[in-house]
Amino acid sequence: MRVVRALAIGALIAGAASISAALGAGTAGAVAITPVPGGVQVDLTPGDTQWVHQTHVGQALAGLPHPSAASFGEALDSAADMSSQYPSGRVVFTVYGPLDQLNGTMLALQ
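Residues numbered from 1 in each chain as written. Predicted model: local features only at pLDDT ≥ 70, side-chain atom pairs only at ≥ 80, totals over all residues. Heavy atoms only, no water.

This part is about the sheet that holds strand β2 (residues 39-43). Read from one edge of the open sheet, four strands run β1-β2-β3-β4, paired in antiparallel fashion. Edge strands, defined here as strands with exactly one partner in the open sheet, are β1 (32-36) and β4 (103-109). Each neighbouring strand pair of the sheet contributes to a mean axis angle of 15°, computed without reference to strand direction. Here β2 pairs with strand β3 (residues 90-96) via five bridges, running antiparallel. Its bridge partner being in β3, Asp43 is matched across the sheet by Val92. (Pairing = 2+ DSSP bridges. Helix = DSSP H or I, 4+ residues; strand = E, 2+ residues; numbered from the N terminus. Axes fitted to C-alpha atoms, helices over the stretch in contact; angles between N-to-C directions.)

Compared with the 21 Å implied by 1.5 Å per residue over 15 residues, the 21 Å span of helix α4 (residues 69-83) between its first and last C-alpha is a close match. Taken residue by residue, α4 has Ala69, Phe72, Gly73, Leu76, Asp77, Ala79, Ala80 and Ser83 as its buried positions. What you see down the axis of α4 is that its buried residues fit within an arc of 165°, all on one side. On its buried face, α4 sits against α2 (46-55), α3 (57-62), β3 and β4. (Expected span 1.5 Å × (residues − 1). Buried < 20%, exposed > 50% of the residue type's maximum accessible area, 1.4 Å probe, protein only. Arc of directions from axis to C-beta. Contact = heavy atoms within 4.5 Å.)

In this section: the pattern of salt bridges. Here the structure, examined in full by the defined rule, presents one salt bridge. When the shortest N-O distance is used, the salt bridge between Arg90 and Asp43 registers 2.5 Å. One end of the pair, Arg90, is in strand β3; the other, Asp43, is in strand β2, and 47 residues separate them in sequence. (Salt bridge = Lys/Arg side-chain N within 4 Å of Asp/Glu carboxyl O.)

Side chains Val40 and Val42 of β2 all project onto a buried face; the interleaved residues Gly39, Gln41 and Asp43 project onto a face where none is buried. Where β1 meets β2, five bridges bridge the pair, whose relative direction is antiparallel. For Val36, the partnering residue across the bridge sits in β2 and is Gly39. Following β1, the chain reverses through two residues before pairing antiparallel with β2; Gly38 in that reversal takes a positive phi of roughly 85°.

Relative to the helices and strands, Gly104 resides in strand β4. Each C-alpha atom, one on Gly104 and one on Gln41, is 9.3 Å from the other, the two residues being 63 residues apart in sequence. In this structure Gly104 touches Thr94, Val95 and Tyr96, once residues within four positions along its chain are discounted.

With that settled, consider the layout of surface pockets. Volume-wise, the largest pocket comes out at about 170 Å³. Contributing to the lining of the largest pocket are 13 residues, with Ser71, Phe72, Val95, Asn103 and Gly104 lying nearest its centre. Broken down by secondary-structure element, the contributors of at least two residues to the lining of the largest pocket are α4, β3 and β4. In terms of residues, the lining of the largest pocket owes the most to one element, β4, which gives four residues. Within the lining of the largest pocket, the residues separate by chemical class into seven nonpolar, six polar and no charged. (1 Å grid on protein atoms, 1.4 Å probe; cavity = no way out; pocket = protein on both sides within 12 Å on 5 of 7 lines; lining within 4 Å. Points joined across faces, edges and corners; volume = space filled by probe spheres on them. Nonpolar A, V, L, I, M, F, W, Y, C, P; charged D, E, K, R; others polar.)

Geometric descriptors of this kind do not, in isolation, establish any biological role.
So this is what it looks like as structure tokens:
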């Protein structure tokens, strides 16, 4: 349930307040959500990254009515696809700015 909650928080930050209904039950991993100046950083565990890859959560996010949703969703799926090829692969993303003017970074780590 922590994964769903963490992804829902990340989606809210990306302007996706309704994403929690689209998410299913994820792994029981401990997603790290860290406040940073002007935003938040979300660090998915390898298990969470595999779950994002298998369920294509990014596609659901990409369809939400927010200017950042399409690029965020596509980047999330791409990063999860790359990272999931490695046993300890994971995704880390940081989102900055007010809700209507978001920007950020996304990393695919092995």
